[in-house]
Amino acid sequence: VNAEVKTIQFQKNTTSPFLMNCWYVAAMSTDVKGEELFHRTILNKPVLIYRKMDGTPIAMLDRCPHRFAPLHLGKRVGDDISCLYHALQFDCEGQCTHNPHGNGLIPKAAKVPTFTLMEKYGFIWIWMGDEAADPGKLPDYGELMSGHPNSVAQTYMHVNANYQLLTDNVMDLSHIDHVHGEIISTRGQLSPLIPKIQENDRMVRAGWEWKQTPAMLILNQFLPEPQTEARHFFDITWTPPSHIQLSVGATQTPEVQLNLENCVGQYDLHTTTPETEDSTHYFFATRRNHIEEDIEYNQMKIKAMHEAFETEDIPILEMVHQQMGTTDFLGLNPVLMSNDIAPVKVRKALLKLIAQEQQS
Amino acid sequence: VNAEVKTIQFQKNTTSPFLMNCWYVAAMSTDVKGEELFHRTILNKPVLIYRKMDGTPIAMLDRCPHRFAPLHLGKRVGDDISCLYHALQFDCEGQCTHNPHGNGLIPKAAKVPTFTLMEKYGFIWIWMGDEAADPGKLPDYGELMSGHPNSVAQTYMHVNANYQLLTDNVMDLSHIDHVHGEIISTRGQLSPLIPKIQENDRMVRAGWEWKQTPAMLILNQFLPEPQTEARHFFDITWTPPSHIQLSVGATQTPEVQLNLENCVGQYDLHTTTPETEDSTHYFFATRRNHIEEDIEYNQMKIKAMHEAFETEDIPILEMVHQQMGTTDFLGLNPVLMSNDIAPVKVRKALLKLIAQEQQS
Amino acid sequence: VNAEVKTIQFQKNTTSPFLMNCWYVAAMSTDVKGEELFHRTILNKPVLIYRKMDGTPIAMLDRCPHRFAPLHLGKRVGDDISCLYHALQFDCEGQCTHNPHGNGLIPKAAKVPTFTLMEKYGFIWIWMGDEAADPGKLPDYGELMSGHPNSVAQTYMHVNANYQLLTDNVMDLSHIDHVHGEIISTRGQLSPLIPKIQENDRMVRAGWEWKQTPAMLILNQFLPEPQTEARHFFDITWTPPSHIQLSVGATQTPEVQLNLENCVGQYDLHTTTPETEDSTHYFFATRRNHIEEDIEYNQMKIKAMHEAFETEDIPILEMVHQQMGTTDFLGLNPVLMSNDIAPVKVRKALLKLIAQEQQS
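Residues numbered from 1 in each chain as written. Chains lettered and ligands numbered in written order. Predicted model: local features only at pLDDT ≥ 70, side-chain atom pairs only at ≥ 80, totals over all residues. Heavy atoms only, no water.

Participant: Can you tell me about the packing of aromatic side chains, naming the residues and giving the values?
Facilitator: As enumerated under the stated definition, the model contains 40 aromatic pairs over all chains in all. Between the aromatic rings of A:Tyr121 and A:Trp125, the centroid separation amounts to 6.5 Å while the plane-to-plane angle is 90 degrees, which identifies the pairing as edge-to-face. Judged by its relative accessible area of 9%, A:Tyr121 is buried. Judged by its relative accessible area of 0%, A:Trp125 is buried. Residues B:Phe123 and B:Phe283 carry aromatic rings whose centres are separated by 5.8 Å and whose planes lie at 70 degrees to one another, so their mutual orientation is edge-to-face. Residue B:Phe123 is found in strand β10 (residues 123–127), and its partner B:Phe283 is found in strand β17 (residues 279–288); the two are separated by 160 residues along the sequence. No difference in accessibility class separates B:Phe123 from B:Phe283, as the two residues are buried. The ring of B:Tyr156 has B:Arg40 lying over it, and the distance from NZ or CZ to the ring centre is 4.3 Å. (Phe/Tyr/Trp six-rings, centres within 6.5 Å; stacked < 30°, edge-to-face > 60°. Buried < 20%, exposed > 50% of the residue type's maximum accessible area, 1.4 Å probe, protein only. Helix = DSSP H or I, 4+ residues; strand = E, 2+ residues; numbered from the N terminus. Lys NZ or Arg CZ within 6 Å of the ring centre and 35° of its normal.)

Participant: I'd love a proper account of the relation of the copies chain A and chain C, names of residues and values included.
Facilitator: Comparison of the two chain copies shows a relationship of rotation about an axis with a shift along it. In the superposition of chain A on chain C (RMSD 0.0 Å, axial shift 0.1 Å), the rotation amounts to 120 degrees. The superposition of one copy onto the other is thereby described by a three-fold rotation axis. (Least-squares fit on C-alpha atoms with pLDDT ≥ 70 in both.)

Participant: Outline the confidence of the model for chain A, listing residues and values.
Facilitator: Overall, the predicted model of chain A reaches an average pLDDT of 94, with 96% of residues at or above 70. Confidence over residues 1–13 of chain A falls short of pLDDT 50; this stretch has 41 contacts with residues more than four positions distant or in other chains. (pLDDT = per-residue confidence, 0-100. Contact = heavy atoms within 4.5 Å.)

Participant: Give a detailed account of the side chain of A:Arg51, specifying residues and quantitative values.
Facilitator: Residue and element names in this part refer to chain A. Along the chain, arginine 51 falls in strand β3 (residues 45–51). Within the local environment of arginine 51, its side chain forms a polar contact with the backbone oxygen of valine 32, the two atoms lying 2.7 Å apart. A distance of 2.9 Å separates a polar atom in the side chain of arginine 51 from a polar atom in the side chain of glutamate 119. Every residue in contact with arginine 51, bar those within four places of it in the chain, is listed here: Ser29, Val32, Gly34, Thr56, Pro57, Arg76, Glu119 and Ile124. (Polar contact = N/O pair within 3.5 Å; in protein donor to acceptor, adjacent residues only side chain to side chain.)

Participant: So what about the interface of chain A and chain B? Which residues, and what values?
Facilitator: On the chain B side, the residues contacting the 30 residues of chain A number 28 residues. Roughly 2700 Å² of surface becomes buried between chain A and chain B when both sides are summed, with 59% attributable to carbon and sulfur atoms. The largest per-residue losses of area from chain A upon contact with chain B belong to A:Arg67, A:Phe68 and A:Tyr85, which jointly make up 28% of the total buried on that side. Across the contact surface, chain A and chain B share two salt bridges. At the surface where chain A touches chain B, the tally comes to 12 residue pairs in polar contact (both at pLDDT 80 or more). The class makeup of the residues in the side of chain A that touches chain B is 17 nonpolar, eight polar and five charged. (Buried area = accessible area lost by both parts, 1.4 Å probe. Salt bridge = Lys/Arg side-chain N within 4 Å of Asp/Glu carboxyl O. Nonpolar A, V, L, I, M, F, W, Y, C, P; charged D, E, K, R; others polar.)

Participant: Got a sec to walk through the packing of helix α1 (residues 163–171) of chain C against helix α4 (residues 341–359) of chain C? Specific residues and values, please.
Facilitator: Residue and element names in this part refer to chain C. Interaxial distance between α1 and α4 falls to 8 Å at its minimum, and their mutual angle equals 145 degrees. Two packed elements cross with a definite hand, and for α1 against α4 that hand is right-handed. Contacts between α1 and α4 pair Tyr163, Gln164, Leu165, Thr167, Asp168 and Met171 from the former with Ala342, Pro343, Val346, Arg347, Leu350 and Ile354 from the latter. Across the contact of α1 with α4, the residue classes tally to eight nonpolar, two polar and two charged. (Axes fitted to C-alpha atoms, helices over the stretch in contact; angles between N-to-C directions. Left-handed = near helix turned anticlockwise from the far one by under 90°.)

Participant: Which residues make up the sheet that holds β17(B), and what values do they have?
Facilitator: Residues and elements named next belong to chain B. On the basis of which strands lie adjacent, the open sheet formed by seven strands has the order β11-β17-β16-β15-β14-β13-β12 and antiparallel pairing. Looking along the sheet, the strands with just one partner apiece sit at the ends: β11 (152–159) and β12 (196–200). Strand-to-strand twist across the sheet, computed as the mean angle between neighbouring axes with direction ignored, equals 15 degrees. Direction of pairing for strand β14 (residues 230–239) relative to strand β15 (residues 243–251): antiparallel, over a ladder of nine bridges. Residue pairing for β15: aspartate 235 is matched across the bridge by serine 247. Most of the contacts of helix α3 (residues 295–324) go to β11, to which it runs at about 25 degrees, and overall it touches β11, β16 (264–276) and β17. (Pairing = 2+ DSSP bridges.)

Participant: How would you explain the sheet that holds strand β4 (residues 57–61) of chain A if you had to name every residue and give the values?
Facilitator: All names here are of chain A. The sheet built from six strands is open, its strands ordered β1-β10-β9-β4-β3-β2 with antiparallel pairing. The open sheet is flanked by β1 (23–28) and β2 (38–42), the only strands paired with a single partner. The sheet shows a mean angle of 30 degrees between the axes of neighbouring strands, direction not considered. In the sheet, strand β9 (residues 114–120) pairs with strand β10 (residues 123–127) via five bridges, with the strands oriented antiparallel. Residue pairing for β10: methionine 118 is matched across the bridge by tryptophan 125.

Participant: Report on the nonpolar core, specifying residues and quantitative values.
Facilitator: Membership of the largest hydrophobic core comes to 274 residues, with the highest contact counts inside it found for A:Ile126, A:Phe234, B:Ile126, B:Phe234, C:Ile126 and C:Phe234. Per element, the largest residue contribution to this core is eight residues, and it comes from helix α3 (residues 295–324) of chain C. Setting aside chain neighbours within four positions, we find B:Phe234 in contact with B:Leu173, B:Ile176, B:Leu190, B:Ala206, B:Gly207, B:Trp208, B:Trp210, B:Met216, B:Leu246, B:Ser247 and B:Val248. (Core = buried A, V, L, I, M, F, W, Y, C linked by side-chain atoms within 4.5 Å.)

Next comes the structure, spelled out in structure tokens:
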């Protein structure tokens, strides 16, 4: 006879510091290879991610319900996972399918919580909330994949700071002339501008337009006259919990509207996933609309952007996180300025969504 | 005149998370050498252990009552210890015997708490509770020392996990086919068996009997027909707080009772001592009843078992400890199965003894 | 229009574990070089220290009031500091002087708290309390600088222990025969003596006089007869929060009063600055009244004293700090003796001053 059978109680949404009923990136598609058992902490929970024999990605809690051994130490039996410690076997729905002990009956509670995944845009997205996963809540970033395969690339960085500091950093682009080098400088043109803001409950969009001479050095080599004036734009859109689509471009054609159809530029996605309240998985994707087939340029470009994040943005954000000693930025009464309009709107919108979720 | 004289207040049994009025292993006999001052944290307390000139082991709190310097930094003066910081000198009863300061009077409170030791079975055992040490509470493991000196060996491992996870691991032997290699495999025969259990307030005993072909590889080379079927047994007995005597053997003689008199096998002791709630001193002793005089085999065997614990059991237990985030295993509502009967009985018996001790 | 404008709320004196309205050493004068931005945590706060173009030292909170980036990562603009993250610029009074964002208006709250400094005796002293800095609260240590420049030297050590343990260590010189080597041994003469004590609310002074043969080895080579008896003295004076002036000397002239006018000796300053409650900046200065011009001896001597602190005193104090597990030494009911009279008086005087400050 089997002894007591109970299930592990989990953190309810109401006690999570994070928005739960939404999509986060769990991994780059290339992180989860072949038959490997990939694992990562996401929203304070250990998560196992692997691909079925047909390639479909699967996610479940990385913890056996028997004696709490990490399942990623186990081995694959077809699409099932066998725990290293006592060989309980679980299928892709987390159901125990084999118990080698005693009479072999499978305890009803022998289930591992699973998480819905969606694979899109070079990333594996995860839904960890209690509500049913809603594909409609993931914005359409199809633009990322709409060009030549050599025009797009993804990267990943681990950051020892709260994820909202990374959102702030992208929503306030006024930092780029101070933190970054010559290559993406606006030559002081951006900071004096007050961005145009659009917003609703689940979106904050900010736009800037300006002229500079020469154009940003990442773009000017693709313009007709690299050393003369060009018109530029930034167009960024935050959606919950922490996705920011950023478009940037430049043109020397007079009067055309500033957008990626008319400009040399790139379409980027910055998105972060809390590991804990004090650490973050930072994912980034970029697609350019020029020399799309150049694979060497593509590799050089994603490497350069990765290095700029690692050496320029992230060290500051990690020190800011340490200095703050809290994740409650607004509670520290910061001195706020015009460049903080968009990030503060995002923080307030996110706080509201989390409060709503916890009350429901 | 001496200034204020008071004693350090110590954690009473009532606030300890551990069973206090019982024996734990403090060290292997060979750890405490010559005139050396050995020290180790045991049950959250720093302990100094050394041998008198006549070899008798002594244990006392590793902390001078004056300014709290660790006494193990001091030096020996015969059988006394002189503190490095201000040269207060203490004898083996912890009594201050010399004060070089002022008029040299010895404050009444200048005493170091001492702990009763007993040296047996290659180990130094310590009693840290408030009640008088009771030698009767240490089970008789004389069997360990009853053979040729080359038939027995001891070893020590430090583990970053709660000691009860180590007790669970030995009380549930069903893990061996999954965690360990070919050498001690039961070839799947053990897991389906429900062990025979005997128990009382201070003992839980579990037994298994099975057949396998060939016999366990640690034993089959000493049987008449190494490649054919043999009958096997495991017989394990827990006594509080954390001592498990394990016997294992195999025979090809029909009908004889399965015990170490009739089988090729070994008599082992697994015992753990909490360093803190999150870390453990793991001691192991083993005596075999075959090729008892072979010193090279003896050395090879203890080394191989030490390595199996270090590389196979301990990494899992440390990860389980981290995953749990608590020492309250039952409070996490694990899915329990037939192989958990013995370890759960042990956990409940120990909890009851600790509760009794704290109420008395 | 600028968004919300508020100031960071800071820890009030009433919640600090430290005496606030007093002087601490922030750095050696030589630590703050040229145009460098030096930074250090003092009393739990990050502090930026740098020199104006005219050499005057400046201290302010090392934290931009906008997004909390450390200012020491920024760059100098003349005597101003420009924050690395968004280029807000602050003058030596902490006032924001340039905002490159939006309309460029400077938010009223865009101020960095500054701290009053005083540069004296080879050190930069800081006042971090709410009351106006009072130069009269720094004792006159002019004696340090009254000789040849080659007769004085300073050094710095970082210690992982509460600062009061360092005060205790100097106020109770009875440790020197046990912790230190031959070179400053009193040959057991010091411990039996009860020091003469003088005290008031803001001072504890202790004095010892004794004879030894030969004299202390740091002094005897400068006496007429190095191998024969000499009279010695120690004269130490604590003033709050943590400054101890120590004079030591020896003479073979009969009957003269024991002081530095009549003896071969040295005038030292031991002073500590809490980094946190668990770590300390330890500063030391020493001036001798013999072979004052010998620059090689001067360098050898400060190096030897630095090494003695690092290898002999500090390891013990760090282990004592760990053993205590609290900063409340008296709360642990230590066994106290005649050698503790002076350090206990100091601890009680400091506790009283902190309590008075928190009630005011």
